[in-house]
Amino acid sequence: MNAIDLNFYLSFLILRWSHVLIIICLYAATLIVVALLMPHQFQSMATILVEAPQNPSEVARSAVPTSAQQQQIVQQQITTLQNLVELADKLDSHGGERAQLAADKLVREMQSRINFLESPLSRGGMGGATLISVFFDAETPALAAKGANEVVSLRKVVWRDADSFAVAA
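Cut-offs and rules
Residues numbered from 1 in each chain as written. Predicted model: local features only at pLDDT ≥ 70, side-chain atom pairs only at ≥ 80, totals over all residues. Heavy atoms only, no water. Phe/Tyr/Trp six-rings, centres within 6.5 Å; stacked < 30°, edge-to-face > 60°. Helix = DSSP H or I, 4+ residues; strand = E, 2+ residues; numbered from the N terminus. Buried < 20%, exposed > 50% of the residue type's maximum accessible area, 1.4 Å probe, protein only. Arc of directions from axis to C-beta. Pairing = 2+ DSSP bridges. Core = buried A, V, L, I, M, F, W, Y, C linked by side-chain atoms within 4.5 Å. Contact = heavy atoms within 4.5 Å. Axes fitted to C-alpha atoms, helices over the stretch in contact; angles between N-to-C directions. Parallel < 35°, antiparallel > 145°, perpendicular 65-115°, else oblique. Nonpolar A, V, L, I, M, F, W, Y, C, P; charged D, E, K, R; others polar.

Undergrad: What should I look at first to understand the packing of aromatic side chains in this one?
TA: Pairs of aromatic rings are described using the distance from one ring centre to the other and the angle between the two planes. A full pass over the atoms with the stated rule returns 2 aromatic pairs. Pairing F8 with Y9 gives two aromatic rings, centres 5.3 Å apart and planes at 70°, and the pair type is edge-to-face. Centre to centre, the rings of F8 and F12 are 6.4 Å apart; their planes meet at 25°, and the pair counts as stacked. Of this pair, F8 and F12 both sit in helix α1 (residues 6-15), 4 residues apart, which is roughly one turn of the helix. When its relative accessible area of 38% is taken as the criterion, F12 is described as partly exposed.

Undergrad: I keep staring at helix α5 (residues 103-113) and nothing clicks. Help me out?
TA: An α-helix turns once every 3.6 residues. As a result, residues three or four positions apart point the same way. Every buried residue of α5 is listed here: L106, V107, M110 and R113. End-on, the buried residues of α5 take up no more than an arc of 120°, which puts them together on one face.

Undergrad: Could you clarify how one ought to interpret the pairing of strand β3 (residues 130-138) in this entry?
TA: The side chains of a regular strand alternate, residue by residue, between the two faces of the sheet. Counting buried positions along β3 yields 8 of 9 residues, so the element is predominantly enclosed. Here strand β1 (residues 42-50) pairs with β3 via 9 bridges, running antiparallel. Bridge assignment links Q43 to a residue of β3, and that residue is D137. For strand β2 (residues 114-120) and β3, the ladder comprises 7 bridges, and the chain directions are antiparallel. Pairing of L117 across the sheet is with S133, part of β3.

Undergrad: Looking at this structure, I do not really get helix α4 (residues 81-91). What am I missing?
TA: Buried within α4 we find N83, L84, V85, L87, A88 and L91. D92 occupies a position one or two residues after α4 and carries a positive phi of about 50°.

Undergrad: Sorry if this is basic, but what is going on with the nonpolar core here?
TA: Nonpolar side chains in soluble globular proteins tend to be buried together. In this structure, I48, L87, M110, I114, F136 and V151 are the most contacted members of the largest nonpolar core, which totals 25 residues. Counting only elements with at least two residues in this core, the list comes to β1, α3 (67-78), α4, α5, β2, β3 and α6 (141-159). The element that contributes the greatest number of residues to this core is α6, accounting for 6 residues. Residues contacting M110, with those up to four places away along its chain left out, are L84, L87, A88, L91 and F136.

Undergrad: Before we go on, may I ask you to explain the environment of L121 in this structure?
TA: Within the fold, L121 resides in the loop between β2 and β3. Considering only alpha carbons, one finds L121 and L49, 72 residues apart in sequence, at a separation of 9.6 Å. Once residues lying within four places of it in the same chain are set aside, the contact partners of L121 are L49, A129, T130 and L131.

Undergrad: Just checking my understanding: could you explain the packing of α4 against α5 for this structure?
TA: A pair of packed helices is characterised by two quantities: the angle between their axes and the separation of those axes. In contact at an axis separation of 9 Å, α4 and α5 are set at 80° when each is read in the N-to-C sense. Viewed along their axes, α4 and α5 adopt a mutual orientation that is roughly perpendicular. In contact with L81, L84, V85, L87, A88 and L91 of α4, α5 contributes L106, V107, M110 and Q111. Grouping the constituent residues of the contact of α4 with α5 by class yields 9 nonpolar, 1 polar and no charged.

Remember, this is a structural readout, not a statement about activity or role.
Right under this line is the structure:
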């Protein structure tokens, strides 16, 4: 009595195949409508290599930035107001609406498009290089790719004058 009778359930589905087919078609149609109505969002990634400082052994370890500090420095330098406004102007993502947008609204919108992910290349945490992946979200694939490349280019410009640790993109 407690055993599951698969023949019963199979015969039940065969007798009501039209109901099953209607449910499957409704579910598929719903998925298609949702997929078409969702806004298209594309993401592009660029990577920045942050090398460990080449300091002499007499320098205190506390003076050498850790990988977490390096990521924060990179992130803060990229997401300054001036850099984000410059990035928005280079990308021309707002077209004719750019003149009507306030700088703070534009900066918040650009900050929401940029994400950072850190990946240390050494296992000790100290003295190794770090990869910082920069993700840029946009409405078109071309804009996403251009945005990620421009963010990395901003990083090169920002870091050219500093000498506390080396950066390559």
